Amino acid sequence: MQTDAIALFADAMALSANAMALFANAMALSADAMALSANAMALFANTMALFANTMPLQGMAKFNLLQINKMLYLADRT
């Protein structure tokens, strides 16, 4: 009877050690996920900054296109 209790206790200790190892792995994965999330947010911020920079460039390109079309139209009329 005592040997059964000792065997059960040894099994419980082994399971506890496995549970602690799994918990450590889960914590490491959680830390990695947080780092990836931070990187994704930084990339998103960069994307938004680039998008904001493209808006004036798009406006200038449209203005230049209108000017070119105007010059072509005037050149064609002469």
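Look a little higher up for the structure.
Residues numbered from 1 in each chain as written. Predicted model: local features only at pLDDT ≥ 70, side-chain atom pairs only at ≥ 80, totals over all residues. Heavy atoms only, no water.

We now examine the overall build of the protein chain. Tallying secondary structure elements over the protein chain gives 1 helix and 0 strands in all. If one aligns the C-alpha atoms of the protein chain with their principal axes, the spans along those axes are about 115 × 15 × 10 Å. Among the 78 residues that make up the protein chain, the fraction classed as buried is 0%. Carbon together with sulfur atoms contributes 74% to the accessible area of the protein chain, which is approximately 7100 Å² in total. (Helix = DSSP H or I, 4+ residues; strand = E, 2+ residues; numbered from the N terminus. Buried < 20%, exposed > 50% of the residue type's maximum accessible area, 1.4 Å probe, protein only. Areas by Shrake-Rupley, 256 points an atom, 1.4 Å probe, with all protein chains shown as cover.)

So, about the environment of Leu74. In this structure, Leu74 sits in helix α1 (residues 2–77). Taking the C-alpha atoms as reference, Leu74 lies 55 Å from Ser37; in sequence the two are 37 residues apart.

The next point concerns the environment of Asn46. By the secondary structure assignment, Asn46 is in helix α1. Using a relative accessible area of 48% as the deciding quantity, one classes Asn46 as partly exposed. Here the alpha-carbon distance between Asn46 and Ala24, two residues 22 residues apart in the chain, equals 33 Å.

The next thing to look at is a nonpolar patch on the surface. On the surface, Phe44, Met48, Phe51 and Met55 cluster together into a nonpolar patch covering about 410 Å² of accessible area. For Phe44, the location among the structural elements is in helix α1. What makes Phe44 partly exposed here is its relative accessible area of 49%. (Patch = residues over 30% accessible without salt bridge, like charges linked within 9 Å, V, L, I, M, F, W, Y side chains within 5 Å. Salt bridge = Lys/Arg side-chain N within 4 Å of Asp/Glu carboxyl O.)

Function cannot be inferred from these measures alone, as they are strictly geometric.
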